[in-house]
Number of protein chains: 2
Amino acid sequence: MTTTPSSKDDRHIATDLVARMREGERHAIARVLTELERTTPHTMNLLEALVPELGGAPVIGITGPPGAGKSTLVNALIRHWREHDRRVGVIAVDPASPISGGAILGDRIRMTAALEDDGVFVRSLSSGGHLGGLSPAAVRIIDGLDAADYDPVLIETVGTGQSEIDVAEVSDVRVVISAPGLGDGIQAMKSGLLEIADILVVNKADQRGAEQTRQQLMAALSIRSGERRDVPVLMTTATDGSGVAELAAAVDERASLAQQTPVDDRRQRRARYLITHAATAWVRKALADQPPDQLRQLAGDVLSGHCTALEAAQRLFQFSKEK
Amino acid sequence: MTTTPSSKDDRHIATDLVARMREGERHAIARVLTELERTTPHTMNLLEALVPELGGAPVIGITGPPGAGKSTLVNALIRHWREHDRRVGVIAVDPASPISGGAILGDRIRMTAALEDDGVFVRSLSSGGHLGGLSPAAVRIIDGLDAADYDPVLIETVGTGQSEIDVAEVSDVRVVISAPGLGDGIQAMKSGLLEIADILVVNKADQRGAEQTRQQLMAALSIRSGERRDVPVLMTTATDGSGVAELAAAVDERASLAQQTPVDDRRQRRARYLITHAATAWVRKALADQPPDQLRQLAGDVLSGHCTALEAAQRLFQFSKEK
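Now for a look at the structure at hand. (Residues numbered from 1 in each chain as written. Chains lettered and ligands numbered in written order. Predicted model: local features only at pLDDT ≥ 70, side-chain atom pairs only at ≥ 80, totals over all residues. Heavy atoms only, no water.)

### Focus: the pattern of salt bridges
Under the counting rule described, the total for this entry stands at 42 salt bridges over all chains. The residue aspartate 265 of chain A makes a salt bridge to arginine 296 of chain B at a minimum N-O spacing of 3.1 Å. Here the residue aspartate 265 of chain A occupies a position in helix α12 (residues 263–289), and arginine 296 of chain B occupies one in helix α13 (residues 292–303), the pair thus bridging two chains. Its relative accessible area of 31% is what places aspartate 265 of chain A among the partly exposed residues. A relative accessible area of 35% places arginine 296 of chain B in the partly exposed class. Between aspartate 301 of chain A and arginine 315 of chain A there is a salt bridge, with the nearest N and O atoms lying 3.8 Å from each other. (Salt bridge = Lys/Arg side-chain N within 4 Å of Asp/Glu carboxyl O. Helix = DSSP H or I, 4+ residues; strand = E, 2+ residues; numbered from the N terminus. Buried < 20%, exposed > 50% of the residue type's maximum accessible area, 1.4 Å probe, protein only.)

Okay, here's the thing in structure tokens:
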């Protein structure tokens, strides 16, 4: 990333672009988001110009196992908020993009959301593969949509494990969507998603087994260890809109609570996520690049039980407890 | 882990236990695996006694999205191998266990596999939550089952992202199971699982859409970038056994290829996975434990674009490119 001092002209261009974005000029919004995504030389100027305009829009993370009807429900939520004159920003994180060419999720939303509606802005992002996590771009685009007066900002991903956890890490409110008949899906949800959910949804509530799914989720919540949080389990049928108003109300309520935390602190949390992710990616790469001979002795010690894997890692990276 | 020198008696107990395990004494096998899982003071002695007995059984990783019928297909595979007098070891990694109490996968396999059959040994393991990865225990239990003459050793997990990647990392042959009608399931598979699969399976081949699913997978494989590998896409119906013999043959063929790599090198690869995992877990924890004030400046620099997340991580951990 460039750190050369920017000229007055460059700063002016950024300020002007942000001003036009704030006036709702769709082309300006798209350009700002693209610059934020690309990390161009203008990015720093843009970020500087953006910060005073941040409104602190809540970030609503929406995840869930495949087949739960996420895209349809997100569309129904968008329609609901639009009817109440809310401007909705959407970040669709598509972990499939290396192969599919990306934008599957975003396309689905765009197909149904009115393209000409200035009150909705959808941006598709690749997660960069299963080890890639969310890019810094995703975190900056949250700021971009917020500064462009979109409120709430939704961030959605298909349920593929790591990308769900990543989305949860940067969100203020975490909605986890399930549906009856997903088989192992409920089981899979229990593994990690239940722990992070602020709101659980059983979509396709008109289908057989919906009530049973709800009860399974309630039971799983009740035996969950650790602090007791108040996590509602809501029923929706995205296709006919049932329960969508109630879900939107629950999201808004949780969002108000989250907004009691200053926007700066919420942005800090997102930056810490990025730093953590970059650090772990670096460690993985450093180990993968390690000459096999250097690792052989350590790996042998781990296999024979002479040291733990953590002790081996600490020797390799000279980690210390003091740090 | 203890590193106190073990007495002659302790070593004798370990050697004796391994000998009884090698004679097929079921109680001895169970005790060895439990000791390996627990990291007791005996673990090191046991590992020492085990290593000369390793046969180099191939480790077959079996993963796939929820609802693909993995457990049923694993049972069908076990039956097939049993009919050919193969002894099958199974490690069922259950990412759900903090809530469900664990052992969901293992129970499903046990229900159908003949409990009294000494030719099958099933061990359930928790993955320790979504950030926990596979435990060192899982890797040691591979050695335990191998030394007890189980060949192949299957390692299965429900499809929840990280645990699938973990299973792939320690396996010699990676089988990824899908099925028609999983909706986003295929999409989700494309994100990471296709990249790691040695064999793809469309289970529930008797259902509508099976051929379409097969063609989607073939298409996704053909546009995959990077080295071209020969990944077969097989059709099975686990419930009536169709295609199971062909799948077993394909697994055996890939296993023979994998066994050209000496068992020591394959164990080394598994140890490197453990070290990598321990290192990244350490980094995560160190960052989570960091006093907020120390991170505030760095996080601010990341948000404003003054440094990248990686640069921030490097400053924090004093990583260097030289290392």
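### Considering the sheet that holds strand β7 (residues 233–235) of chain B
Residue and element names in this part refer to chain B. Here we have seven strands laid out as an open sheet, ordered β3-β2-β4-β1-β5-β6-β7, and parallel in their pairing. Bordering the open sheet on either side are β3 (120–126) and β7, each of which pairs with just one other strand. With direction set aside, neighbouring strand axes in the sheet form an average angle of 20 degrees. In this sheet, strand β4 (residues 153–157) lies alongside strand β1 (residues 59–63) in parallel orientation, the contact comprising four bridges. Residue pairing in the sheet places valine 59 in a bridge with valine 153 of β4. (Pairing = 2+ DSSP bridges. Axes fitted to C-alpha atoms, helices over the stretch in contact; angles between N-to-C directions.)

### Observations concerning the side chain of arginine 123 of chain A
Here arginine 123 of chain A shows up in strand β3 (residues 120–126). Within the structure, arginine 123 of chain A has its side chain in polar contact with the side chain of threonine 34 of chain A (distance 3.4 Å). (Polar contact = N/O pair within 3.5 Å; in protein donor to acceptor, adjacent residues only side chain to side chain.)

### What to know about the sheet that holds strand β4 (residues 153–157) of chain A
Residue and element names in this part refer to chain A. Read from one edge of the open sheet, seven strands run β3-β2-β4-β1-β5-β6-β7, paired in parallel fashion. Of all strands in the sheet, those bounded by a partner on one side alone are β3 and β7 (233–235). The sheet shows a mean angle of 20 degrees between the axes of neighbouring strands, direction not considered. Two strands pair when backbone bridges link them, and strand β5 (residues 173–178) and strand β6 (residues 199–202) are joined in this way by four bridges, in the parallel orientation. Its bridge partner being in β6, isoleucine 177 is matched across the sheet by valine 201.

### Re the nonpolar core
With 108 residues, the main nonpolar core has Met21, Ile91 and Ile275 of chain A together with Met21, Ile91 and Ile275 of chain B as its most contacted residues. Look past the residues within four positions of isoleucine 275 of chain B in its chain and what remains in contact with it is Leu287, Leu295, Leu298, Ala299, Val302, Ala309, Ala312, Ala313 and Leu316 of chain A. (Core = buried A, V, L, I, M, F, W, Y, C linked by side-chain atoms within 4.5 Å. Contact = heavy atoms within 4.5 Å.)

### Some words on the pairing of strand β1 (residues 59–63) of chain A
All names here are of chain A. Counting buried positions over the five residues of β1 gives five, a clear majority of the element. What you see with β1 is no split at all: Val59, Gly61 and Thr63 on one side and Ile60 and Ile62 on the other are buried throughout. Pairing geometry for β1 and β5, over four bridges, is parallel. From the neighbouring strand, isoleucine 60 faces β5, where its bridge partner is valine 173.

### As for the packing of aromatic side chains
Each aromatic ring pair is specified by the distance between its two centres and by the angle formed by the two planes. Within the structure shown, the criterion is met by four aromatic pairs over all chains. The ring of tyrosine 150 of chain A has arginine 87 of chain A sitting right over it, with the charged end atom 4.3 Å from the ring centre. (Phe/Tyr/Trp six-rings, centres within 6.5 Å; stacked < 30°, edge-to-face > 60°. Lys NZ or Arg CZ within 6 Å of the ring centre and 35° of its normal.)

Nothing here speaks to function; it is all geometry.
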